[in-house]
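One-letter residues, chain by chain:
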Amino acid sequence: MAEAAKSFASPMGDEVAGAARVAGALHDFGKYSEQFQGRLRTNRRVDCSDHAPISALVAFSAARRALGDLPALQAAAAVRGHHGSLEGIGSLHDWARRRLEDVEINPRDCLLRQADSIRSAWDVVGRELATIGGIEVGESDLDVEGVLRELRRAARSAMGTHSWRDYLAGLMVFSSLVDADKHGASGIEPRPPAPLPGPDAILRYVEGLGSSGRMAPLREALMRGVLGWRPEGRVIGIVSPTGSGKTLAGTLVALRRGGTRLIYALPYISIVEQTHDVLSRALGGDAVLKFHHMAFARPGDGDDSRYVEDQLLAVESWEYPVIVTTFEALLATLFSRRNAVLRRLHSLAGSVVVLDEVQAIPVEYWGLVRRALGEASEALDMTFVLMTATMPRLLEPPESGVLRPESGPPPSRYTLRFRGGDLSEGVTPEELAGIVADEWDGRSSVMVELNTIASAVGAFSELRRRLGGGALLSFLSTHVVPIARKSRIDGIKRALRAGKPVILVTTQVVEAGVDLDFDVVYRDLGPLDSVVQAAGRCNRNWRREGGPVNLIRVRRGDRKGSDFSIVYGKVTEELTLDVLEGRGWPGDVTVGEGEAGTLLDEYYRMVEERMNPLDQIEPRRVEEAALKLNYDEVEFSLIERAPKYSVYVILNSEAERRLDELRRAIESVRGIGEPGDLVGARMRLRASRSLVEEFIVRVWEDPVLPLDEDLNLYLMGEDEARKRYDPLTGYRGAAEGDLIW
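A. Region of the structure containing the packing of aromatic side chains. One pass over the structure, following the stated rule, counts 12 aromatic pairs. Between W366 and Y604, the aromatic rings sit 5.6 Å apart at their centres with planes inclined by 75°, giving edge-to-face as the arrangement. Placement of the pair is W366 in helix α18 (residues 366-379) and Y604 in helix α25 (residues 593-611), with a sequence separation of 238 residues. Each member of the pair, W366 as well as Y604, is classed as buried. Centroid distance Y603 to Y604: 5.8 Å. Interplanar angle 50°. Geometry classified as tilted. Here Y603 and Y604 have matching classes, each one buried.

In structure tokens, the structure reads:
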């Protein structure tokens, strides 16, 4: 285990690898104590049987002698938290201070009793430790009081601001220990790194797709640009219009760059699914892992248990050549304290990471993300490829590292029509639906995007009343269970390909990257980067000139403010309107696709001036905690507001069957005592949970439903679902209209 931890940490150099090796060698040292052995014999909890604290002290003492104070603190923190979460220097100092006070007044303190027990068996302990070459451990390391004093002194001296490298080194030691421990407990060796597929696989796939239509020159120009590109730096970027083939182009860049693995990160689960499908076809499904909370392959009934355990470890450690995941999962790996998340951090070393639709990162985190990517690229030998059609200046790499392929005049697929005049003060969702119905020609496909679920439901209901069965009328939001959302998106794609008229009413759930192509788009006014993203669903394949994207402010009659201000904030709304005023608002404002980049530059410049993304309170707090090595204060989420309640909707017998399977999986885990069997059972539990996710909606208000405390799910039975789950618009709650998804 010591050598596995050392190997995982080796990309950061000998000192970090050495600290990981000490942690790996000594993290279970406390198990030599009579107290822990008694626990094993009786299979019951025994006083003073917690092995982590005494193990952390011995690891600190041994590492300090060999490596110095900071690596020793990193090893001690990793050992102390390897069954839970990583604590920071401040917490380690406070723990040492408290424990020192305890041992000074209590000669029967657990640490003293454990040390005495191990010291009495030193003949055996010393012989076993001698098999770990290069790590010196002696009885002096069991001087509990002395080691606690040294630990407290070292932690006090280490308080203050450190480098990003020091922060990442602490994560690396912890990650390497946790993953080595998981593999060791299962008896399964870490997988050797599988080679990345060669770039020729992408080129063959692109050639097999063929090239036709008016977007073909843009796609060809992007591929030519990529093949001739020799970017400088570790953080590079590709800026190219929506629909120009960035997924395959970015993958080609990553594969040509080489590295240990390719990590492809996206903002939303819907486009993770889409991108995983594309890369699996291009590179082979065995090479590509889809990683998010709803994605886990279900083991077959005949799977060998060792294979099942191996699969679990490979998934959770990202032991795949290609990983397709979310921004949230990727950035959590750099900003977390939890062992389940940090165990995969060592797998980032040497990788090439593509961040697609990078503009979707919330504005307030631009500064922190830019600094974190730059520092991680150096410390972990990584390359980051940022891709977008609309690159914010504060995220943009140096000009020498940005590819903007030359392909002649920009496409003219859409025209943004900010409809002011009589509409400038806003319309109700029902009035917007009336405008859509009046302007629909009976043949075109139309997407209507609202900022809130309540407004989307209102517009959808009015369109049903006005249009009847003249088109395929569909609805999407996160109040529709995921399994139904996916089915609807697939059905919409089939209808659009067949040239059938489709009218989709949706929230931002389809905004970025989802491959849908409508003739006309209506959208509630929103931030200009979101507006341009929505425009990417209009005339995506350039079958005609200037598809209209109509921007109309929406206000509900029961609200003082607009939906824009409710969801994105009043400051963002004012900023957007100020940019439009420079172009004639509150009158009508028209902007072609070729001018959209200039409009966005104006918007991003004003965002920088008024919102100062480089100095936001929460990101600043996170960064200060990171650089003080206070890991227990670092965790954050890109998802600012998340619904509080998870509701499992039992729509049919399949939903009932999956729920029963999850309950059986939980009982199976509870009934297993052997660690090896437990790993496989936990994998099946996770697989069952991922299948249950397809029937879960998350809501803001108490759903007033029975809570299954084992599952932490509110259960909506079939009878209740007939009353409170609309087959078209999904979950019906009391007043959840402000949820944007």
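B. Representation of the side chain of T390 in the model. The topology assignment puts T390 in the loop between β6 (383-388) and β7 (402-403). Leave out the neighbours within four places in its chain, and T390 touches Q359, V532, Q533, L600 and Y604.

C. Here's a closer look at the packing of helix α5 (residues 69-81) against helix α10 (residues 164-186). Where α5 contacts α10, the two axes come as close as 9 Å, and the packing angle between them is 40°. Comparing their axes, α10 and α5 come out oblique. As for how α5 packs across α10, the hand of that crossing is right-handed. Contacts between α5 and α10 involve L70, Q74, A75, A78, V79 and G81 from the former and D166, A169, G170, V173, F174 and L177 from the latter. The residue makeup of the contact of α5 with α10, split by class, is eight nonpolar, three polar and one charged.

D. α5, seen in detail. Along its 13 residues, α5 runs 18 Å from first to last C-alpha, staying within 8% of the 18 Å computed at 1.5 Å per residue. In terms of burial, α5 is largely enclosed, as 10 of its 13 residues are buried. Taken residue by residue, α5 has P71, A72, L73, Q74, A75, A76, A77, A78, V79 and G81 as its buried positions. Here the buried face of α5 lies against α2 (14-26), α4 (52-67), α6 (89-105), α9 (144-158) and α10.

E. Examining the environment of G546 more closely. Mapped onto the elements, G546 comes out in the loop between α22 (528-535) and β13 (547-552). It is 5.1 Å that separates the C-alpha atoms of G546 and T415, two residues lying 131 residues apart in sequence. Once you skip the residues sitting within four places of it in the chain, G546 turns out to touch S412, R413, Y414, T415 and N539.

F. Local environment of the confidence of the model for the chain. Here the chain shows a mean pLDDT of 89. Residues at 70 or above account for 93%. In this model, residues 296-308 is a region of pLDDT below 50 whose contacts with residues beyond four sequence positions or in other chains number 23 contacts. Note that residues 734-741 has pLDDT below 50 and, in this model, 37 contacts with residues that lie over four places away or in other chains.

G. The arrangement of the environment of A282 in detail. Residue placement: A282 occurs in helix α14 (residues 269-283). Between the C-alpha atom of A282 and that of G225, which follows or precedes it by 57 residues, the distance is 20 Å. If we ignore the near neighbours within four places in the chain, the residues touching A282 are A201, I202 and Y205.

H. Summary view of the packing of helix α11 (residues 199-209) against helix α13 (residues 246-257). Two elements in contact, α11 and α13, have axes separated by 8 Å at closest approach and are oriented at 155°. The pairing of α11 with α13 is recorded here as roughly antiparallel in orientation. Between α11 and α13 the crossing geometry is left-handed. Here α11 contributes P199, I202, L203, Y205, V206 and L209 to the contact with α13, which in turn contributes L248, T251, L252, L255 and R256. Along the lines of polarity and charge, the residues of the contact of α11 with α13 split into nine nonpolar, one polar and one charged.

I. Examining the sheet that holds β13 more closely. Read across the open sheet, the seven strands follow the order β10-β11-β9-β12-β13-β8-β14; overall the sheet is mixed. Whereas interior strands pair on both sides, the edge strands pair on one side only; in this sheet they are β10 (472-476) and β14 (589-592). Direction aside, the axes of adjacent strands within the sheet are offset by 15° on average. Bridging between strand β8 (residues 414-418) and β13 involves five bridges; their strand directions are parallel.

J. Spotlight on the pattern of salt bridges. The full count for this structure, using the stated rule, is 50 salt bridges. Where R621 meets E618, a salt bridge forms, and the shortest distance between an N and an O atom there is 2.8 Å. In this pair, R621 and E618 are both assigned in helix α26 (residues 617-627), three residues apart and thus about one turn of the helix distant. Relative accessible area serves as the criterion here: at 32%, E618 is assigned to the partly exposed category. The closest approach of N and O atoms between R689 and E693, which form a salt bridge, is 3.7 Å. Judged by its relative accessible area of 24%, R689 falls in the partly exposed class.

K. A look at the pairing of β10. In terms of residue burial, β10 counts as a mostly covered element, since four of its five residues are buried. Summarising the sheet, β10 and strand β11 (residues 502-506) pair through five bridges and their orientation is parallel. Residue pairing across strands places L472 opposite V502, the latter belonging to β11. Note on the crossover from β10 through helix α21 (residues 482-497) to β11: the handedness is right-handed.

L. A look at the pairing of strand β9 (residues 446-449). The two faces of β9 match: V446 and V448 on one face and M447 and E449 on the other face are all buried. Sheet topology note: the β9/β11 ladder contains four bridges and is parallel. By the bridge assignment, M447 is partnered in β11 with L504. Where β9 meets strand β12 (residues 520-524), four bridges bridge the pair, whose relative direction is parallel. Bridging across to β12, E449 finds its partner in R523.

M. Spotlight on the environment of P397. Structurally, P397 is set in the loop between β6 and β7. Residue P397 is classed as buried on the basis of its relative accessible area of 6%. Distance in space between the C-alpha atoms of P397 and R234 is 9.2 Å, their sequence separation being 163 residues. Excluding its chain neighbours within four sequence positions, the residues that come into contact with P397 are V235, I236, G237, L386, M391 and V402.

Reading the values: rules and limits
- Residues numbered from 1 in each chain as written.
- Predicted model: local features only at pLDDT ≥ 70, side-chain atom pairs only at ≥ 80, totals over all residues.
- Heavy atoms only, no water.
- Phe/Tyr/Trp six-rings, centres within 6.5 Å; stacked < 30°, edge-to-face > 60°.
- Helix = DSSP H or I, 4+ residues; strand = E, 2+ residues; numbered from the N terminus.
- Buried < 20%, exposed > 50% of the residue type's maximum accessible area, 1.4 Å probe, protein only.
- Contact = heavy atoms within 4.5 Å.
- Axes fitted to C-alpha atoms, helices over the stretch in contact; angles between N-to-C directions.
- Parallel < 35°, antiparallel > 145°, perpendicular 65-115°, else oblique.
- Left-handed = near helix turned anticlockwise from the far one by under 90°.
- Nonpolar A, V, L, I, M, F, W, Y, C, P; charged D, E, K, R; others polar.
- Expected span 1.5 Å × (residues − 1).
- pLDDT = per-residue confidence, 0-100.
- Pairing = 2+ DSSP bridges.
- Salt bridge = Lys/Arg side-chain N within 4 Å of Asp/Glu carboxyl O.
- Right-handed = clockwise from strand over helix to strand, strands pointing away.

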